[in-house]
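Tertiary structure, described
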Amino acid sequence: ELKVEQNPLFLSMQEGKNYTIYCNYSTTSDRLYWYRQDPGKSLESLFVLLSNGAVKQEGRLMASLDTKARLSTLHITAAVHDLSATYFCAVERNTPLVFGKGTRLSVIA
Amino acid sequence: EAGVAQSPRYKIIEKRQSVAFWCNPISGHATLYWYQQILGQGPKLLIQFQNNGVVDDSQLPKDRFSAERLKGVDSTLKIQPAKLEDSAVYLCASSLHGWLAEMQETQYFGPGTRLLVL
């Protein structure tokens, strides 16, 4: 059974600081996704990572994938308040998506 | 391009009552998914349709939940009778081909229906 674990589950960061969210999964994967969810809203796709060593960047967010370690990271650079949201990773391996529990990020001044 | 539409957005019912949710996917998307998201958790897949056929319903509590996608477009998810633990957000998502496709595939999510069972 594919299991996906994220840490931390809660993160409070100061504006301007850097931090990394980790996503570990239990079996080899075909694809790994990062989603963002604002309170009361639906999920917005951020990144799709397909292969070992894949790195994608959008603004202050950068996602990477290490398939050998079964680990993906979401790095936040110089956080701003607008990044406050819950971030989910989700993994696909011959099955529909399995989501982690999410990391609730709060960026404070 | 219009996104995934869902209705109603909110629903409050008493336990043992019935409820139905509706989803209209992005035009042309063959695959439709229903997820249950309990507060503080990630979404959990309930059922996946490819056109009007069921691909995966292994996590659907079939004694009380049912879903259909009769014409391969819109879909309804029903709960009958509802239990307290069914309180959650029910998300509908669609993708162009589905996870069997070889190409990169992203699921697009609707706004969800927030269900409260009292």
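Residues numbered from 1 in each chain as written. Chains lettered and ligands numbered in written order. Predicted model: local features only at pLDDT ≥ 70, side-chain atom pairs only at ≥ 80, totals over all residues. Heavy atoms only, no water.

**Overview of the state of the cysteines**
Residues and elements named next belong to chain B. If you walk through the whole model with that rule in mind, you get two disulfides over all chains. The disulfide partner of Cys-23 is Cys-92, and the gap between their sulfur atoms is 1.9 Å. Disulfide Cys-23 to Cys-92: torsion about the S-S bond roughly -70 degrees, handedness left-handed. Here the residue Cys-23 occupies a position in strand β3 (residues 19-24), and Cys-92 occupies one in strand β9 (residues 88-95), the gap between them amounting to 69 residues. A single burial state applies to Cys-23 and to Cys-92, both of which are buried. (Disulfide = S-S within 2.5 Å. Helix = DSSP H or I, 4+ residues; strand = E, 2+ residues; numbered from the N terminus. Buried < 20%, exposed > 50% of the residue type's maximum accessible area, 1.4 Å probe, protein only.)

**Notes on the interface of chain A and chain B**
Facing 20 residues of chain A, the contacting portion of chain B comprises 23 residues. Carbon and sulfur atoms make up 54% of the area that chain A and chain B hide from each other, which totals about 1600 Å². One can count zero salt bridges joining chain A with chain B. Viewed at the interface, chain B and chain A are joined by three residue pairs in polar contact (both at pLDDT 80 or more). The element that contributes the greatest number of residues to the side of chain A that touches chain B is strand β4 (residues 31-37) of chain A, accounting for four residues. Partitioning the side of chain A that touches chain B into residue classes produces nine nonpolar, seven polar and four charged. (Contact = heavy atoms within 4.5 Å. Buried area = accessible area lost by both parts, 1.4 Å probe. Salt bridge = Lys/Arg side-chain N within 4 Å of Asp/Glu carboxyl O. Polar contact = N/O pair within 3.5 Å; in protein donor to acceptor, adjacent residues only side chain to side chain. Nonpolar A, V, L, I, M, F, W, Y, C, P; charged D, E, K, R; others polar.)

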